[in-house]
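# Report on the structure
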Amino acid sequence: MRALGARGVTWPGWPAPDPAARPAAVLVLLGALDAVAAHHRSAAVPEDLDVLLVGRAASLAHHAGQVSFPGGRVDAGDDGPVAAALREAVEETGLDPRGVEVLGTLGELPVPVSNHRVTPVLAWWADPSPVAVVDRGESAHVFRAPVADLLDPANRRTATFGGRLPVRHVSPAFLVGPHVVWGFTALVLDRLFDALGWTEPWDRDRTVAAPR
């Protein structure tokens, strides 16, 4: 992961971000977040490896109710996307940033629906701290997702949304307990797992409707 953080990733098939779009950042935070092991056994990752995710509040103007990484817009007082991702993660989950080791940034991605260009910040939770919902106006859930369970082919789907058949949009998707992770967050996880060589073969013809 450290080497990947140093070199970043590319996003095949995605347009280059609009330089005029508003900058934002998300924290892709991995670590052993609790003592609960994954259900799925993976040859690539240990049972206790998790990623921190947030369920957005249903009242938000953009991405309402979606599962995402902690993050948000880069403010004028932030020293770049890393500082913004850490600040937003503290504000949303209450984590202690002193326990977070930033490994690097991945390639910037466009999110046209909210007119942002988003930098995923890859990090390792060297010293985990308690997390919970801080502001219910922003988040409804804060939870860990076992990476091995995300890699489980039984939990992989292709999300479909928008338009009418045969025209529709698709994205990778992951089933995480009661949650469906799709869109931007699923795209980043999918590309990250591919780049790290962790992906297990899965059936891309198995679909799930994106939650609306």
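Residues numbered from 1 in each chain as written. Predicted model: local features only at pLDDT ≥ 70, side-chain atom pairs only at ≥ 80, totals over all residues. Heavy atoms only, no water.

Turning to the overall build of the chain, a few remarks are in order. Counting secondary structure elements, the chain contains 4 helices and 12 strands. Its C-alpha radius of gyration of 16 Å places the chain within 12% of the 17 Å reference for a compact globule of 212 residues. Residues counted as buried form 50% of the 212 residues belonging to the chain. In the chain, the proportion of contacts linking residues at least 24 apart, taken out of those at least 6 apart, comes to 65%. Here the chain displays about 10,200 Å² of accessible surface, and carbon together with sulfur accounts for 54% of that area. If you average the places of the 19 positive and of the 24 negative side-chain charges in the chain, the two averages end up 7 Å apart. (Helix = DSSP H or I, 4+ residues; strand = E, 2+ residues; numbered from the N terminus. Rg over C-alpha atoms; globule rule 2.2 N^0.38 Å. Buried < 20%, exposed > 50% of the residue type's maximum accessible area, 1.4 Å probe, protein only. Contact = heavy atoms within 4.5 Å. Areas by Shrake-Rupley, 256 points an atom, 1.4 Å probe, with all protein chains shown as cover. Lys, Arg positive; Asp, Glu negative; His and termini not counted. Charge placed at Lys NZ, Arg CZ, Asp CG, Glu CD.)

What follows concerns the environment of Arg98. With respect to the element layout, Arg98 can be found in the loop between α2 (81-93) and β5 (100-105). Since its relative accessible area comes to 76%, Arg98 is described here as exposed. Distance in space between the C-alpha atoms of Arg98 and Ser129 is 9.4 Å, their sequence separation being 31 residues. At 2.8 Å, the side chain of Arg98 and the side chain of Asp96 are in polar contact. (Polar contact = N/O pair within 3.5 Å; in protein donor to acceptor, adjacent residues only side chain to side chain.)

Turning to the pattern of salt bridges, a few remarks are in order. Under the counting rule described, the total for this entry stands at 10 salt bridges. We note a salt bridge from Arg2 to Glu101, for which the minimum N-O separation is 2.7 Å. Here Glu101 lies in strand β5 and Arg2 lies in helix α1 (residues 2-7), a separation of 99 residues in the sequence. Residue classification places Glu101 among the partly exposed positions, given a relative accessible area of 28%. Overlapping salt bridges bring together Asp75, Asp78, Arg87, Glu88 and Glu91 as one network. (Salt bridge = Lys/Arg side-chain N within 4 Å of Asp/Glu carboxyl O.)

This part takes up the nonpolar core. Counting 37 residues, the largest nonpolar core has Leu30 and Val147 as its most contacted members. Elements with a minimum of two residues in this core: β1 (22-31), β2 (50-56), β6 (109-111), β7 (116-125), β8 (139-146), α3 (147-151), β10 (169-176) and α4 (183-196). Sort the elements by how many residues they give to this core and α4 lands first, with 7 residues. Once residues within four sequence positions are removed from consideration, Val147 is found in contact with Leu30, Val45, Leu49, Asp50, Val51, Phe193 and Trp198. Ala25, Val54, Ala89 and Ala123 belong to the second-largest nonpolar core, a separate cluster that totals 17 residues. (Core = buried A, V, L, I, M, F, W, Y, C linked by side-chain atoms within 4.5 Å.)

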